[in-house]
Amino acid sequence: MGLFGGMKHDEEILKQFDEFISQGASETEIKFLDSMNAIVKLVENEDSYSTNEKLKIYDLFSQLSNCSPTERVKYAAKVRKLLK
């Protein structure tokens, strides 16, 4: 692996995140947070993300969980970019 090549991230995490976001608009707040925690767990156990990437993702998930439903799209786009 080259210095700037980086590891390829698990596409399944991104796929599950996209499903989570698309269903999030119709879920209760508790169900939304439970679904989000499942994605956080996947990121936590994925070795292809650096510690710095994981910290940025966790920060955005924290903001996503504390924002209004109308702001979720903005934070979801940022998370999605990091999960790629």
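Every chain begins its residue count from 1, and numbering advances along the sequence as written. Residue-level local features of this predicted model are given only where pLDDT is at least 70; pairs of side-chain atoms are given and counted only at 80 or more, and the full residue set underlies all totals for whole chains, interfaces and linings. As a rule here, side-chain values come from all non-hydrogen atoms in the structure, and water together with hydrogens is ignored.

(A) Here's a closer look at the overall build of the protein. Along its length, the protein carries four helices and zero strands. For a compact globule of 84 residues, the expected C-alpha radius of gyration is about 12 Å, and the protein comes in at 13 Å, within 12% of that figure. The C-alpha extent of the protein, read off along each of the three principal axes, is 45 × 20 × 15 Å. When burial is assessed residue by residue, the protein has 33% of its 84 residues classed as buried. In what follows, a contact means two residues having at least one pair of non-hydrogen atoms within 4.5 Å. Counting only contacts in the protein whose residues sit at least 6 apart along the sequence, the fraction spanning at least 24 positions is 60%. Computed with a 1.4 Å probe, the accessible areas rest on the Shrake-Rupley method; for each residue, only the protein chains presented here act as cover. Carbon and sulfur atoms make up 54% of the accessible area of the protein, which totals about 5,600 Å². Helix and strand assignments come from DSSP, with helices taken as H or I runs of at least 4 residues and strands as E runs of at least 2, each series counted from the N terminus. Our radius of gyration looks at C-alpha atoms and nothing else; its globule reference is 2.2 Å times the residue count to the power 0.38. Only protein chains enter the accessibility calculation, which uses a 1.4 Å probe; a residue is then buried when its area is under 20% of its type maximum, exposed when over 50%, and partly exposed in between.

(B) Broad picture of helix H1 (residues 11-24). Compared with an ideal rise of 1.5 Å per residue, which puts 14 residues at 20 Å, H1 spans 20 Å between its outermost C-alpha atoms and is within 8% of the ideal. Among all positions in H1, only Ile13, Leu14, Phe17, Phe20 and Gly24 are buried. Projected down its long axis, H1 carries its buried residues within an arc of 120°, all on one side. In H1, the exposed positions angled more than 90 degrees off the buried face are occupied by Glu11 and Ser22. Where H1 is buried, its residues touch helix H2 (29-45), helix H3 (51-66) and helix H4 (72-83). Two N or O atoms count as a polar contact when they lie within 3.5 Å, although within protein this holds only if one can serve as hydrogen donor and the other as acceptor, and sequence-adjacent residues are included solely when both atoms are side-chain atoms. Where H1 begins, one side-chain oxygen reaches toward the backbone nitrogen of Glu12, 2.9 Å away; that side chain belongs to Asp10. The span expected for a helix works out to 1.5 Å for each residue beyond the first. Within this analysis, the arc is defined by the directions that extend from the helix axis to the C-beta atoms.

(C) Spatial organisation of the packing of aromatic side chains. When two rings of Phe, Tyr or Trp (its six-membered ring) have centres within 6.5 Å they constitute a pair, described as stacked for plane angles under 30 degrees, edge-to-face for angles over 60, and tilted for the intermediate range. Across all of its chains, the model carries three aromatic pairs by this definition. Members of the aromatic cluster, each reached through a chain of ring pairs, are Phe17, Phe20, Phe32 and Phe61. Two conditions define a charge sitting above a ring: the NZ of Lys or the CZ of Arg must be within 6 Å of the ring centre, and it must be within 35 degrees of the ring normal. Its guanidinium or amino end placed over the ring of Phe32, Arg72 lies 3.7 Å from that ring's centre, counting from NZ or CZ.

(D) Inspection of the packing of H1 against H4 at higher detail. Two numbers describe how H1 lies on H4: the axes approach to 10 Å, and their chain directions differ by 175°. In terms of axis orientation, H1 runs roughly antiparallel to H4. Where H1 approaches H4, its residues Ile13, Leu14, Phe17, Asp18, Ile21 and Gly24 are matched on the opposing element by Arg72, Ala76, Val79, Arg80 and Leu83. Tallied by class, the residues present in the contact of H1 with H4 amount to seven nonpolar, one polar and three charged. Axis angles are defined between N-to-C directions and span 0 to 180 degrees, where every axis is a line fitted to C-alpha atoms and, for a helix, only to the segment in contact. For classification purposes, an angle smaller than 35 degrees is called roughly parallel, one larger than 145 roughly antiparallel, one from 65 to 115 roughly perpendicular, and anything else oblique. Amino acids outside the nonpolar list (Ala, Val, Leu, Ile, Met, Phe, Trp, Tyr, Cys, Pro) and the charged list (Asp, Glu, Lys, Arg) are all regarded as polar, and Gly is one of them.

(E) Summary view of the side chain of Glu46. Within the secondary structure layout, Glu46 lies in the loop between H2 and H3. Look at Glu46: it is buried, it has no salt bridge, and the nearest opposite charge is Lys54 at 7.9 Å. Only 3.0 Å separates the side chain of Glu46 from the side chain of Ser48, close enough to count as a polar contact. Dropping the residues within four chain positions of it, Glu46 is found in contact with Asp10, Ile13 and Lys54. For the purpose of counting charges, residues Lys and Arg are taken to be positive, whereas Asp and Glu are taken to be negative. His and the chain ends are not included. By definition here, a salt bridge exists when the distance from a side-chain nitrogen of Lys or Arg to a carboxyl oxygen of Asp or Glu is within 4 Å.

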